[in-house]
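Each chain, letter by letter, is given below.
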Amino acid sequence: MSDQLPPSLAAAGSVPPDPDHPTPLARTAATSHGGVATPSDQARSRLGGGAGRNVGLVIALVVLCVVGVATAGERFASLDNAMTILRLAAVYGVVAIGMTFVITGGGIDLSVGSVIGLSSVWASTLATQTMAEDTHWIVMVFTALAVGTVCGVVNGVLIAYGKVVAFIATLAMMVGARGLAEIIANRRTQLVEVDAFLDAFRTEILGISVSVWIFALVAVAGWVLLNRTTFGRRTVAVGGNPEAARLAGIRVKRHTMYLYALSGLAAGIGGLMMLVRTTSGASTHGQLYELDAIAAVVVGGTLLAGGRGTIVGTVFGVLIFSTLTNVFVQNDLSTSAQSVAKGLIIVVAVLLQQQFAARSRRT
Amino acid sequence: MVTVDPQPPVEPSTDAAPLLQMRGIVKHFSGVRALDGVDLDVRPGEVHCLLGQNGAGKSTLIKVLAGAHRPDAGTVEWNGRTANLSNPVAALATGIATMYQELDVVDGLTIAENVYLGHELAAGGLTRRRAAHTRTRELLARLGHDELPPHREVGNLSAAGKQVVSMARALSHDARLIIMDEPSAVLDSEEVANLFRVVRQLTAAGVAVLYISHRLEEIRQIGDRITVLKDGRTVATGLPVATTSTPDLIRLMTGRTVEQVFPPRRTVAADAQPLLHVEGLGLRGVFADVSLTVRAGEVVGLAGLVGSGRSEILETIYGARRATAGRVEVAGTPLRPGSVTAAVQAGIGLAPEERKSQGLLLDEPVYRNVTLSTFGRFAKGPMLDERAERSVARDQLEALELRPADPERSARTLSGGNQQKLMLARWLVHGCRVLLLDEPTRGVDVGARAEIYGLIHALAEAGNAVVVVSSEIDEVLGLADRVLVIAEGRVLHSGPADQIDEHRVLDLVMEGSAA
């Protein structure tokens, strides 16, 4: 048996053994990309196991649209209404993309809703109180993003280096950031009247509002980051088996911190978008957005336990919920009925997901 | 000596009425035939050994008996009547108790609560804690572990301790047939002796034991008859342990002849470059003053019992634990202590003992597992080049004869031997020159073991430095050029492998532990 091994190992591209200049068996293999992956391999991996689930999400969205058309007719099936749905989806869509990374990496971030509030308040305070006439509005943008990122870094440091359970650390941030926002805003809504700022964000490009463009951009960037970069691969590894990732040389703690920073950044962007949408900063902005974001991520097919995430699924999850809201609003149904429907969707989606996971495990 | 024909199953002798009789058991999992016609007879009071490579269907068969899986076809008779094994409760009621290989204990509960989990001693809905404690203490005493308090939380126990709890639970059911799935995997030799004593007590009382183990020597010691599974079928059943030769068994399991010998080693040139140098390494409370040098082309073995500090030494060299004393050098360059990343960058690779929990992303495809520590190298900037990853992984899988060499399969579907090869592939792609292998053949069947041995030697001959830890002393002595004997965290002996034998190692280990 064993005497057959060395030649076959050599086939990997290693040079004959030489005691003076030992060559690792496969170093050359690592640099010669000889084999070519077949198209079917590529297709299989590109679609992953997610294709089946995405079909389910498309069907769910189509069904909602059919219901919308059937019940509200023209009012639902108009371009204007489609834009309304997208604008509704934009803010928490961005937050949900950030959340997808945290959950794929095996964590949870409950603080995003409060961070939306805090970053909007911080930026609007700057605009209403301290911003001199000659300061450019871009400072507001950076402030919102920085506040979000810093909150995320604090979460990440507590969780990765302080070994605080993610649920607790982000719960503390959720409560604390909301309180800080109230202190800063003095519980008042701060109207923003920086025209240059509002004009910049309230224009439409190709008939689509800037906030929708931001959502689209964040979603595309998120998809590339998760599926095509080393950062995304590390995220999946850290969420799938942190010990294996650590023993493979991945800096698990540092990466975990990055994930929460990313989620904080997404919440900061969300805060900025909120500021634009409402032309005001308020400590009440973004309340319960964390739950909507988590629901969209889970419905989309990202495993709550970590190790598998899908940006496309999250986008569908976001669209399904905002379309649902729209259909209910168009039919003058109460928000309470809406919540019941949302709850049902979450349960059904998770049940389907479990079935899917069980099936893929057995094969 | 009985000659064995692998094709038709050998008819069991009928001098005792079987307790359990399985015929033509078939079980599919979404198109895959896990069991494809299994026959098995177990008599009262015998130790019936179940042999087979990983993936032969042993685990599935056990789960059928435990009521966890329902077979798609076939009959199961118990004492001559059709048995009801439709769920775990029914299986227990029938009299079949199972000790699973994956320790099935609940960490947050006490020993007594675990032992009586699912059949709590209760009166009027209230658990009878005192009775449970008394009975648990009796069971533990029977297992030679009266030192374990029933109120101790199971999460605080070692793997061997958890195995004892699992055994106590099986005993608590007063079963007529106890299934033991690799019970010795986490036990050291003294624990195994305890286990065998209990097995003999059970069989003397008429209880049958279905014993699954990869260790042929154990089967020789404890077994009465053997059934061999291959590819989900019974290839031989009712073979008497005493008269069936090891080569015959291996041939039945693998379908080919495998000499279970260690290939001869080339001598390492005296001037070969020292790749790994460890000086006075210590970890407070675990081990102290470990020094060793491994040259290019050399295999160094660490022999010792479970808990002697062997695995911790490897993990400390690797930086997964931060050393409290000493230093590690790779090819003359000192290593930053307590940093796995630094060790990996310096070219050290660790294949951990617990491959599934410490090594693999089970649901990710094989190629991503192969490139887990190198994917950054295939990236253009931050962007991954999966095509390059796949092709490199495929080349390496083929070189290591990992079958099937399919980079897209999920790691979960691989057998133990193939998972071990996957770990080696990862470090070979990385270009590691120092390989630390912790129990490289744990959970690997006999046929695949010879392959792993050959592979380890081929790795050394290609100029790598290899450190092997194993509980099986013959494995360490057979594989290594030099051996360190370790007990209680101290190095008791260090020298060439051909100048020490198994008895001497055992003597040293026993003395060391007694001291």
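Cut-offs and rules
- Residues numbered from 1 in each chain as written.
- Chains lettered and ligands numbered in written order.
- Predicted model: local features only at pLDDT ≥ 70, side-chain atom pairs only at ≥ 80, totals over all residues.
- Helix = DSSP H or I, 4+ residues; strand = E, 2+ residues; numbered from the N terminus.
- Buried ≥ 20, exposed ≤ 12 C-beta atoms within 10 Å, placed from the backbone.
- Contact = placed C-beta atoms within 7 Å.
- Rg over C-alpha atoms; globule rule 2.2 N^0.38 Å.
- Pairing = 2+ DSSP bridges.
- Axes fitted to C-alpha atoms, helices over the stretch in contact; angles between N-to-C directions.
- Parallel < 35°, antiparallel > 145°, perpendicular 65-115°, else oblique.
- Left-handed = near helix turned anticlockwise from the far one by under 90°.
- Nonpolar A, V, L, I, M, F, W, Y, C, P; charged D, E, K, R; others polar.
- pLDDT = per-residue confidence, 0-100.
- UniProt positions renumbered as here; feature names shortened; annotations may be inferred.
- Core = buried A, V, L, I, M, F, W, Y, C linked by C-beta atoms within 7 Å.
- Domains from an automatic or database assignment.

1. Details of the overall build of chain A
Helix and strand content of chain A: 16 helices and 4 strands. Sorting the 363 residues of chain A into buried and exposed places 50% on the buried side. Counting contacts in chain A only where the partners sit at least 6 residues apart, residues at least 24 apart contribute 79% of the total.

2. Regarding the overall build of chain B
Looking only at helices and strands, chain B has 17 helices and 22 strands in total. For 515 residues, the compact-globule formula gives about 24 Å, and the C-alpha radius of gyration of chain B, at 24 Å, lands near that figure. C-alpha extents for chain B along the principal axes are approximately 70 × 50 × 50 Å. In chain B, buried positions account for 54% of the 515 residues. For chain B, the proportion of contacts with a sequence separation of at least 24, taken over those separated by at least 6, is 68%.

3. Quick notes on the sheet that holds strand β22 (residues 490-496) of chain B
Residues and elements named next belong to chain B. Taken together, the 6 strands give an open sheet; going across it, the order is β18-β19-β20-β15-β21-β22, and neighbouring strands pair in mixed fashion. Because the sheet does not close on itself, it has two edges, and the strands there are β18 (348-351) and β22. With direction set aside, neighbouring strand axes in the sheet form an average angle of 15 degrees. In this structure, strand β19 (residues 434-438) lies alongside strand β20 (residues 465-470), joined through 5 bridges in parallel fashion.

4. Quick notes on the packing of helix α13 (residues 386-399) of chain B against helix α14 (residues 416-430) of chain B
All names here are of chain B. As a packed pair, α13 and α14 sit with axes 10 Å apart at the nearest point and diverge in direction by 120 degrees. Classified by the angle their axes make, α13 and α14 are oblique. When the axes of α13 and α14 are compared, the crossing they make is right-handed. When α13 is examined against α14, the residues Val-392, Gln-396 and Leu-397 are found in contact with a partner set consisting of Ala-425, Leu-428 and Val-429. In the contact of α13 with α14, the residues fall into 5 nonpolar, 1 polar and no charged.

5. Some remarks on the sheet that holds strand β6 (residues 96-99) of chain B
Residues and elements named next belong to chain B. Spatially, the 6 strands line up as an open sheet ordered β6-β9-β10-β3-β11-β12, and their pairing is mixed. What marks the edges here is a single partner per strand, and that holds for β6 and β12 (233-240). Ignoring which end each strand starts from, the neighbouring axes of this sheet average 20 degrees apart. Across the sheet, helix α1 (residues 58-65) touches β3 (47-52), β6, β9 (177-181), β10 (208-212) and β11 (225-230), and the angle it forms with β9 is around 150 degrees. Running over the sheet, helix α6 (residues 189-204) touches β3, β9 and β10 and is turned about 145 degrees from β10.

6. Side note on the environment of Ala169(A)
Residues and elements named next belong to chain A. If you trace the backbone, Ala-169 turns up in helix α8 (residues 166-185). Remark: the alpha-carbon pair of Ala-169 and Val-154, spanning 15 residues in sequence, is separated by 9.0 Å. The residues contacting Ala-169, other than those within four sequence positions of it, are Asn-155, Leu-158, Ile-159 and Val-164.

7. Observations concerning the confidence of the model for chain A
Across chain A, the average pLDDT comes to 80, with 82% of residues at 70 or higher. Here residues 1-50 of chain A is a poorly scored stretch, pLDDT under 50, and it has 102 contacts once near neighbours within four places are set aside; other chains count.

8. Notes on the pairing of β20(B)
Within β20(B), 6 of the 6 residues are buried, which leaves the element mostly enclosed by the surrounding structure. Of the two faces of β20(B), both are covered, the one formed by Ala465(B), Val467(B) and Val469(B) as well as the one formed by Val466(B), Val468(B) and Ser470(B).

9. Some details on the UniProt feature "transmembrane region" (unreviewed entry) in chain A
All names here are of chain A. Cross-referencing UniProt, the feature "transmembrane region" (unreviewed entry) maps to residues 54-73, 85-103, 137-158, 165-185, 205-226 and 257-276 in the present numbering. A distance of 27 Å separates the end C-alpha atoms of residues 54-73, which is 95% helix and 0% strand. Note that residues 165-185 is 95% helix and 0% strand, and that its end C-alpha atoms are spaced 30 Å apart.

10. Re unusual backbone geometry
Unusually for a residue other than glycine, Asp332(A) sits at a positive phi of about 55 degrees. Among the structural elements, Asp332(A) can be located in the loop between α15 (311-330) and α16 (335-362). Exposure remark for Asp332(A): the 7 C-beta atoms within 10 Å place this residue in the exposed category. Residue Asp289(B) is not a glycine yet carries a positive backbone phi of 50 degrees.

11. Quick look at the packing of helix α7 (residues 138-160) of chain A against α8(A)
All names here are of chain A. In the contact formed by α7 and α8, the axes pass within 9 Å of each other and the chain directions differ by 150 degrees. Crossing hand, α7 versus α8: right-handed. Of the residues in α8, those touching α7 at Cys-151, Val-154, Asn-155, Leu-158 and Ile-159 are Ala-166, Ala-169, Thr-170, Met-173 and Ala-177. By residue class, the composition of the contact of α7 with α8 is 8 nonpolar, 2 polar and no charged.

12. A short note on the environment of Gly313(A)
Residues and elements named next belong to chain A. Residue placement: Gly-313 occurs in helix α15. Residue class for Gly-313 comes out buried when judged on the 25 C-beta atoms lying within 10 Å of it. Expressed as a C-alpha distance, the spacing of Gly-313 and Ser-263, which sit 50 residues apart in the sequence, is 17 Å.

13. Here we look at helix α9 (residues 310-317) of chain B
Residues and elements named next belong to chain B. By the criterion of burial, α9 is predominantly enclosed, with 7 of the 8 residues buried. Buried within α9 are the following residues: Arg-310, Ser-311, Ile-313, Leu-314, Glu-315, Thr-316 and Ile-317. One or two steps after α9, the chain reaches Gly-319, where phi turns positive at roughly 90 degrees.

14. Some remarks on the pairing of β19(B)
All names here are of chain B. With 5 of 5 residues buried, β19 lies mostly within the body of the structure. Note that β18 and β19 share 4 bridges and pair parallel. Bridge pairing links Ala-351 to Leu-437 in β19.

15. Things to note about the confidence of the model for chain B
Residues and elements named next belong to chain B. In this model, chain B carries an average pLDDT of 82, and 91% of its residues clear a pLDDT of 70 or more. Mean pLDDT values over the elements of chain B span from 69, in helix α17 (residues 502-514), up to 92, in β19. Ignoring residues within four places in sequence, the model shows residues 1-14, a span with pLDDT below 50, making 27 contacts including any to other chains. We note a pTM of 0.70 for the whole complex and an ipTM of 0.71 for its interfaces.

16. A short note on the nonpolar core
Buried together is how nonpolar side chains tend to be arranged in soluble globular proteins. Core analysis: the biggest nonpolar cluster contains 101 residues, and Ile348(B), Leu436(B), Ile456(B), Val466(B) and Val468(B) have the highest contact counts within it. Among the elements that make up this core, the one with the highest residue count is helix α15 (residues 446-461) of chain B (9 residues). Counting contributing residues per domain, this core is built from domain 2 (273-347 + 433-515) and domain 3 (362-432) of chain B, each supplying no fewer than three. Setting aside residues up to four positions removed in sequence, Ile456(B) forms contacts with Val299(B), Pro440(B), Val466(B), Val468(B) and Leu479(B). The next biggest cluster of nonpolar side chains, apart from the first, holds 89 residues, and it includes Phe101(A), Phe197(A), Val276(A) and Ile320(A).

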